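# Analysis of the macromolecular model
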Amino acid sequence: MTIDHEDAALLAGLEALLGPRGFTRDPDDLAPWLVDWRGRVRGQALALLSPADAGQVAAIVRAAATARMPLVPQGGNTSMVAGATPPAHGRALIVSLRRMRAILGVSPEDGVAIVEAGVTLSALHEAAEAVGMRFPLSLAAKGTATIGGLISTNAGGTQVLRFGPMRALVLGVEAVLPDGARFDGLSALRKDNRGYDLRQLLGGAEGTLGIITAAALRLVPAIGARAVGWAGLETPQAALGLLRRLEAATGAAVESFELVPEVALDLVLRHIPGTRAPLAGRHRWNVLVEATAPTGAPDPAGALGAALAQAIDDGLVADATVSASEAQAEALWKLRESISEAERADGMAAKHDVAVPVSAMPGFIESARQAVEARFPTTRVIAFGHLGDGNVHFNVRAPMGEDGRAWLAREGAGVSAFVHDLTVAAGGSISAEHGIGQTKLADYARLADPARLAAQRAIKAALDPLGLMNPGKLVPLAPEPPAP
Ligand code: FAD
Ligand code: 2HG
Ligand code: ZN
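Keep in mind it's a predicted model, so treat the numbers as computed, not measured.

### Overview of the site of ligand 1
- Taken together, 36 residues surround ligand 1, and among them Gly-75, Gly-83, Gly-148, Gly-149 and Gly-207 come closest.
- Sorting the residues of the shell around ligand 1 by element identifies strand E3 (71–74), helix H5 (147–152) and strand E10 (211–218) as the ones contributing at least two each.
- When residues of the shell around ligand 1 are assigned to their parent elements, the largest contribution, 4 residues, is made by H5.
- Considered class by class, the residues forming the shell around ligand 1 number 15 nonpolar, 18 polar and 3 charged.

In structure tokens, the structure reads:
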């Protein structure tokens, strides 16, 4: 990319501000951050900026506004929708929050952790556990995904059933707005009714309204015990029936309920070293369920085991097991959490993250699979995930033996449009938890309610009139007015 005189001056100023640890233009340093986690979307950037504190973030944003330079906020770059991947054309700078990883405070009394935006989810888990608390949101990318990225995508994960998504856990944020102003909303008040809630607006904004530099997050007491069960059954409908039974039988101790089709388990067993089948036989569908108990309460393994045994006797479940140790619990979770990695190792897929009303999801999974396989013969559907939230990842894999990348380039948009049309027809959302990013932008623009789009564009224009914050993500451009 050629650089004009003004951009060269901007880059020199930023290099002086950030120093060698915070500024690089070396192609080898940039390479991993120019491509999305799935390896589907590539972009380009003039430099990778890694500020050390919120003051440096504000200085970057002000300098970029003066130079009309687009900025792409980036955390762990684990986005499933290429939300943190810079644009393929034009000028942009990546602003990585990864150096800002201080745990600023953890208060068991207030049930609050205050952390910088670059802290990983795993580091937050550890900090909370160290004081007898826990942060009740988890997902497979926890070692890499950052608090800033999780808030900006309003991430879900495997505990939404009980604790809600990221937005429900954010008590306050500190952010730099597109004009360089610093918004200090870290006070973590449990009640605060001063009008529009900027904290919630920045949550799920995918970096289009500013850069989050720190957050105050809700903690809950650490658990006393947990039990993880794995059940094999015939249909998603049976799985949902099982969830309702388990909730009743365990006194609402269920906090995760994840659907795993046979095909996903097969991929994990084939591609992920150290995994083994949890049950003796094979089952078209499986669920992983976790039940927890507070300190001092009876171990939930008893109630969970009894309820699963009853479900077998009643013919709802074919076979089941309950973890007898923490190592067994971890081994069962590894089967569920490795699905994305195993699917990636297996080849390309058109990925979808759909929500429909919970009770409609079993029917949707079956009817949408049949429709996709009829319309795109030889593709292979893999639908897994958060059944209890009415959200599955309805991924469509390339036909066997085809070059997956070529197939995706040729058919991907058509397959996704087809799946998204079915989702909207079922009253659903084309993004349950991953966001819109780049990969869902066209279908979002095509299918979203016009009032929603207009309000979203108005908010973007009001807060980021120059359109410099993560352009090309989340907010579709308004259509060109018709020629006179
Ligand atoms: P990035 O990918 O770096 O960025 C994501 C978005 O946030 C981008 O738009 C970026 O511009 C913006 N952003 C990042 N940091 C900031 C900041 N400080 N300020 C403003 N904007 C910012 N997601 C789920 O919801 N549920 C799951 O179960 C789940 N499982 C996953 C499993 C795997 C194996 C992987 C790879 C991903 C998974 N994801 C899941 C998706 C992903 O982990 C989440 O979207 C996560 O929130 C992204 O965090 P990140 O730090 O990697 O953000
Ligand atoms: C999960 O639930 C993630 O494991 C990733 O949201 C989903 O890889 C996917 O499609
Ligand atoms: Zn998910």
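### Some thoughts on the sheet that holds strand E4 (residues 93–96)
- Reading across the sheet, the 4 strands line up as E1-E2-E4-E3 and stay open at both edges, with mixed pairing between neighbours. If you trace the sheet from one side to the other, it starts and ends with strand E1 (23–24) and E3, each paired once.
- Pairing analysis gives 3 bridges linking strand E2 (residues 47–49) to E4, with the strands arranged parallel. Bridge pairing links Leu-48 to Ile-94 in E4.

### Topic: the nonpolar core
- Of all hydrophobic cores here, the largest spans 72 residues; its most connected members are Val-287 and Val-392.
- Broken down by element, this core gets its largest block of residues, 6 residues, from strand E14 (residues 285–294).
- Ignoring anything within four residues of it in the chain, the contact list for Val-392 reads Leu-259, Val-354, Met-361, Ile-365, Ala-383, Phe-384, Gly-385, His-386 and Leu-387.
- Core analysis: the next-biggest nonpolar cluster, separate from the first, contains 64 residues, Ala-45, Leu-49, Ile-60 and Leu-121 among them.

### Focus: helix H11 (residues 326–337)
- Taking 1.5 Å per residue, 12 residues should reach 16 Å; H11 reaches 16 Å between its end C-alpha atoms and fits that length.
- Of the residues making up H11, those classed as buried are Trp-333, Leu-335, Arg-336 and Glu-337.
- Check the buried side of H11 and you find it contacts strand E12 (223–233), strand E13 (254–261), helix H9 (262–271), E14 and helix H12 (339–346).

### Section: the site of ligand 2
- Near ligand 2 the following residues occur: Met-80, Ala-140, Ile-339, Ser-340, Lys-351, Gly-385, His-393 and Asn-395.
- Those elements that provide at least two residues to the shell around ligand 2 are H12 and strand E19 (391–397).
- Here the residues of the shell around ligand 2 are counted per class, giving 3 nonpolar, 4 polar and 1 charged.

### Structural notes on the pairing of E12
- Across 10 bridges, E12 lies against E14 in antiparallel orientation. Across the sheet, the residue bridging to Ala-225 is Ala-293, located in E14.
- When E12 meets strand E15 (residues 319–322), the two strands line up antiparallel, connected through 4 bridges. What sits directly across from Gly-229, in E15, is Val-322.

### Re the UniProt feature "domain: FAD-binding PCMH-type" (unreviewed entry) in the protein
- In the numbering adopted here, UniProt assigns the feature "domain: FAD-binding PCMH-type" (unreviewed entry) to residues 41–222.
- End C-alpha atoms of residues 41–222 are separated by 39 Å, and the span's content is 20% helix alongside 24% strand.

### Re the pairing of strand E5 (residues 103–107)
- In this sheet, strand E6 (residues 112–116) lies alongside E5 in antiparallel orientation, the contact comprising 4 bridges. Residue pairing in the sheet places Val-106 in a bridge with Ala-113 of E6.
- Here E5 folds back onto E6, and the loop between the two strands holds 4 residues, one of which, Gly-111, carries a positive phi near 65°.

### Here's the deal with the domain arrangement of the protein
- On domain assignment, one finds that the protein holds domain 1 (5–96), domain 2 (103–221), domain 3 (224–340) and domain 4 (347–468).
- One C-alpha centre belongs to domain 3, the other to domain 4; they are set 27 Å apart.
- Counting residues at the interface gives 14 residues for domain 3, matched by 11 residues for domain 4.
- Looking at the side of domain 3 that touches domain 4, its residues break down into 11 nonpolar, 2 polar and 1 charged.

Parameters and conventions
- Residues numbered from 1 in each chain as written.
- Chains lettered and ligands numbered in written order.
- Predicted model: local features only at pLDDT ≥ 70, side-chain atom pairs only at ≥ 80, totals over all residues.
- Near = placed C-beta within 6 Å.
- Helix = DSSP H or I, 4+ residues; strand = E, 2+ residues; numbered from the N terminus.
- Nonpolar A, V, L, I, M, F, W, Y, C, P; charged D, E, K, R; others polar.
- Pairing = 2+ DSSP bridges.
- Core = buried A, V, L, I, M, F, W, Y, C linked by C-beta atoms within 7 Å.
- Buried ≥ 20, exposed ≤ 12 C-beta atoms within 10 Å, placed from the backbone.
- Contact = placed C-beta atoms within 7 Å.
- Expected span 1.5 Å × (residues − 1).
- UniProt positions renumbered as here; feature names shortened; annotations may be inferred.
- Domains from an automatic or database assignment.

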